[in-house]
Amino acid sequence: MECAWKGRANRCLGPARRRCGVCGAVAYCSASHQISHWSEHKEECERLKQHMKHIDSLNEFPFTFSSHATIEVCEKRETRCSLLRKWGIHQKGMWLYECQCGKSVTSFNCNSLMDNSWDLPDTMCPCNETVSSPPTKHFSDWKEYYEWRCIPLDSPVALLLHWPLTIYQAIQTVMGNQISDTNQKLQIHYLGPEKELLQLDVFAELHPLFPGLDVHIEFIGPEVPQCRDGKSFTLQKYPRCISADCVCKSTEDVSWGEQTVSINLRRGFYHDCYKDIVKDSFPHLIIAPNAGIAAYSSWLPTIELIKEINVPAVFSDYCEEACNLGAKYITNTTGRPLSFPIHLNPFRQPMVVEDSALFLPCYSNCFLFGM
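If you're wondering where the values come from, they're calculated on a predicted model, not measured in any experiment.

**Details of the packing of aromatic side chains**
For step 1, the next point in the chain: According to the stated counting rule, one finds 21 aromatic pairs in the structure shown.
For step 2, the next point in the chain: A centroid spacing of 5.0 Å and a plane angle of 65° characterise the contact between Phe 63 and Tyr 146, whose relative ring orientation is edge-to-face. Taken together, the positions of Phe 63 in the loop between helix H2 (55–58) and helix H3 (66–69) and Tyr 146 in helix H6 (residues 142–148) put the pair 83 residues apart, joining distant regions of the chain.
For step 3, the next point in the chain: Among the residues examined, Phe 63 registers a relative accessible area of 5% and is labelled buried.
For step 4, the next point in the chain: Considering the side-chain rings of Trp 299 and Phe 315, the 5.9 Å spacing of their centres and the 85° angle between planes classify their relative orientation as edge-to-face. Of this pair, Trp 299 sits in helix H10 (residues 299–309) while Phe 315 sits in strand E8 (residues 313–317), placing them 16 residues apart in sequence.
For step 5, the next point in the chain: By relative accessible area, Trp 299 is classed as buried at 10%.

Here is the structure:
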């Protein structure tokens, strides 16, 4: 935890151990820094106090490892690395980018192929078709989804599946039963991808969620490597497991037939790329994960564009306060209230973000809101 006044004036005097006595969400290295910050903090203090009351619900997951991935990581008795090591997946395959010592998007070698393996046994991961029937209702949480996909609750695959499941939640929030009006092709514009660019195969999970639909996703953002700009990928199989006798290793055709999940990569900001993209793909929905809207001025022309084209857009962020700031930015920019109020995402990543700026637990894709 860093001092909330760090970098504003005098150097910090030591660790940030002096917490605000009202909200308890921020900390300071000294009384002088706390006093200096009060003119800014007083506007958010009561709001953060209310957010802190939701800690138990934020940390609530059905997994056998939930307390290790939430409370113990927050209290530094566990780390992302230590948990990944216990599962035997540290720095392997698609897990390479899930801890601080893993590679970043910018270090990705464009000449190499991505490893699309779960590096887990078939009993622990969704590497083939579910034995259950197609979904007949909206899944409300991870437990229901794991039961449907026949995954045990000690499996860590939710750490990666939160990307496609957040898309699923956004679609259900915005479109509901109207998804049948998409003429068998669902077009999604996905803004600001980062580490998920190196985990593209997990989006194959959209296949069982939307049977009978082709799902097309445009990944658009400045983190798309230059060498991948304009590249297309078609996912017709699930990521592999490590079980030698699993059907995912079969040499026979175990693909999905004609139904696909397809992905295009576009480097740049959405407002700059939009005219070229919509020549082939006008969106049913725009999604921006972990958007940080209030933190980046580049969002202004994109928000204005979304208002102009009048397409539903769903944003997520790591904590409720970031969503509040983003929502305020959107309403001030558009002159309209949110179409979809801030709400907790049941499919947020079930491991806290290490060293967050607040004592409030932060999770990837934690809260959703939209315009």
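Anyway, onward from the coordinates.
**Here's the deal with the nonpolar core**
For step 1, the next point in the chain: Core analysis: the largest hydrophobic core is formed by 114 residues, its most contacted members being Trp 118, Phe 203, Ile 217 and Phe 315.
For step 2, the next point in the chain: With 11 residues, helix H7 (residues 158–174) is the largest single contributor of residues to this core.
For step 3, the next point in the chain: When residues no more than four places from it in sequence are discounted, the contact partners of Phe 315 are Ala 288, Ala 291, Ile 293, Trp 299, Ile 303, Ile 306, Ile 330, Phe 367, Leu 368, Phe 369, Gly 370 and Met 371.

**Things to note about the sheet that holds strand E9 (residues 340–344)**
For step 1, the next point in the chain: Across the sheet, which stays open at both edges, the eight strands sit in the order E5-E6-E4-E3-E7-E8-E10-E9 with mixed pairing between neighbours. Of all strands in the sheet, those bounded by a partner on one side alone are strand E5 (232–235) and E9. Direction aside, the axes of adjacent strands within the sheet are offset by 20° on average.
For step 2, the next point in the chain: Where E8 meets strand E10 (residues 367–370), four bridges bridge the pair, whose relative direction is antiparallel. Counted as the bridge partner of Ser 316 is Leu 368 from E10.
For step 3, the next point in the chain: The strands touched by helix H9 (residues 270–277) within the sheet are strand E3 (185–191), strand E4 (214–221), strand E6 (261–267) and strand E7 (285–288), with E4 carrying the most contacts at an inclination of about 140°.
For step 4, the next point in the chain: Lying on the sheet, helix H11 (residues 320–334) is in contact with E8, E9 and E10; it crosses E10 at an angle near 10°.

**Side note on the packing of helix H1 (residues 31–52) against H11**
For step 1, the next point in the chain: For the pair H1 and H11, the least separation of the axes is 10 Å and the interaxial angle reads 135°. In terms of orientation, H1 and H11 fall into the oblique class. Residue-level inspection shows Glu 44, Arg 47, Leu 48 and His 51 of H1 in contact with H11, the latter providing Glu 320, Glu 321, Asn 324 and Leu 325.
For step 2, the next point in the chain: Its residues assigned to classes, the contact of H1 with H11 comprises two nonpolar, two polar and four charged.

About the thresholds
Residues numbered from 1 in each chain as written. Predicted model: local features only at pLDDT ≥ 70, side-chain atom pairs only at ≥ 80, totals over all residues. Heavy atoms only, no water. Phe/Tyr/Trp six-rings, centres within 6.5 Å; stacked < 30°, edge-to-face > 60°. Helix = DSSP H or I, 4+ residues; strand = E, 2+ residues; numbered from the N terminus. Buried < 20%, exposed > 50% of the residue type's maximum accessible area, 1.4 Å probe, protein only. Core = buried A, V, L, I, M, F, W, Y, C linked by side-chain atoms within 4.5 Å. Contact = heavy atoms within 4.5 Å. Pairing = 2+ DSSP bridges. Axes fitted to C-alpha atoms, helices over the stretch in contact; angles between N-to-C directions. Parallel < 35°, antiparallel > 145°, perpendicular 65-115°, else oblique. Nonpolar A, V, L, I, M, F, W, Y, C, P; charged D, E, K, R; others polar.

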